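# Commentary on secondary and tertiary structure
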Amino acid sequence: MIADLRQQRRDARRELARVRWWRRLVRARRDLALAFVAEPGGPGELGLDLSWEALAAGAPTTDELGQAVWPEGTTLSIRALDDLDDLDARLASYESRVAATLDNVTGQMVRALGQAHTVEVENKEA
């Protein structure tokens, strides 16, 4: 049980790091798009198992994120800024769910470790 919780915690931490990385890229891309729009003279997945698929419901796909950060021949516009804002909002929501999952798994792991320690101490005393 503790080994499973450790693995779940590692997975949640890895996914949280991945989501935060994408959020930084989306915000950076938005900053670039805004700079382009504001410039004078310029125009105004997941390969996840089932438990992660449920958690990721509504989160942007890797393809969506890749297209937002590295668009192919896309003209930057106010619409692009709106799309980036939408992606960031969806990522923020997903980040909150992953962080809550990480907190939950960490709490379960701490309780399981405490119970294992208690059993170990009681067995030594007996």
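Note that the coordinates shown come from a computational prediction; the quantities given were computed from them, not determined experimentally.

## Some thoughts on the overall build of the chain
Scanning the chain from N- to C-terminus turns up four helices and zero strands. Each helix and strand of the chain, placed in order from N terminus to C terminus, yields the pattern α-α-α-α. Per-residue burial over the chain gives 29% buried out of 126 residues. Within the structure as shown, the chain displays about 8,100 Å² of accessible surface, and the carbon and sulfur contribution to it stands at 54%.

## What about the packing of aromatic side chains?
Throughout the structure, instances matching the rule amount to one aromatic pair. Ring plane angle 70° and centroid distance 4.9 Å describe the contact between Trp-21 and Trp-22, whose orientation is recorded as edge-to-face.

## Description of helix α3 (residues 62–69)
All of the buried residues in α3 are Leu-65, Gly-66, Ala-68 and Val-69. One side of α3 holds all its buried residues, which, seen down the axis, span an arc of 160°.

## Comments concerning the packing of α3 against helix α4 (residues 78–125)
Close contact between α3 and α4 brings their axes to 11 Å; oriented N to C, the two are set at 140°. Taken together, the axes of α3 and α4 are oblique relative to one another. The chirality of how α3 crosses α4 is left-handed. Contact residues: Glu-64, Leu-65 and Ala-68 in α3; Leu-84, Leu-87, Arg-90 and Leu-91 in α4. Class assignment for the residues of the contact of α3 with α4 results in five nonpolar, no polar and two charged.

## So, the confidence of the model for the chain
Averaged over all residues, the pLDDT of the chain is 83; the fraction at 70 or higher stands at 86%. Low confidence marks residues 41–46, where pLDDT is under 50. Its contacts with residues over four positions away, or in another chain, come to 13 contacts.

## Concerning the nonpolar core
Judged by nonpolar contacts, the single largest core of 20 residues is most densely connected at Val-26, Trp-52, Leu-65, Leu-91, Tyr-94 and Val-98. Mapped by element, the contributors of at least two residues to this core are α1 (2–38), α2 (50–55), α3 and α4. In terms of residue count, α4 provides more of this core than any other element does, seven residues in total. Those residues in contact with Leu-65 that lie beyond four places of it in its chain are Trp-22, Val-26, Pro-60, Leu-87 and Leu-91. Residues Ile-2, Leu-5, Val-105 and Met-109 belong to the second largest nonpolar core, which totals five residues.

Parameters and conventions
- Residues numbered from 1 in each chain as written.
- Predicted model: local features only at pLDDT ≥ 70, side-chain atom pairs only at ≥ 80, totals over all residues.
- Heavy atoms only, no water.
- Helix = DSSP H or I, 4+ residues; strand = E, 2+ residues; numbered from the N terminus.
- Buried < 20%, exposed > 50% of the residue type's maximum accessible area, 1.4 Å probe, protein only.
- Areas by Shrake-Rupley, 256 points an atom, 1.4 Å probe, with all protein chains shown as cover.
- Phe/Tyr/Trp six-rings, centres within 6.5 Å; stacked < 30°, edge-to-face > 60°.
- Arc of directions from axis to C-beta.
- Axes fitted to C-alpha atoms, helices over the stretch in contact; angles between N-to-C directions.
- Parallel < 35°, antiparallel > 145°, perpendicular 65-115°, else oblique.
- Left-handed = near helix turned anticlockwise from the far one by under 90°.
- Contact = heavy atoms within 4.5 Å.
- Nonpolar A, V, L, I, M, F, W, Y, C, P; charged D, E, K, R; others polar.
- pLDDT = per-residue confidence, 0-100.
- Core = buried A, V, L, I, M, F, W, Y, C linked by side-chain atoms within 4.5 Å.

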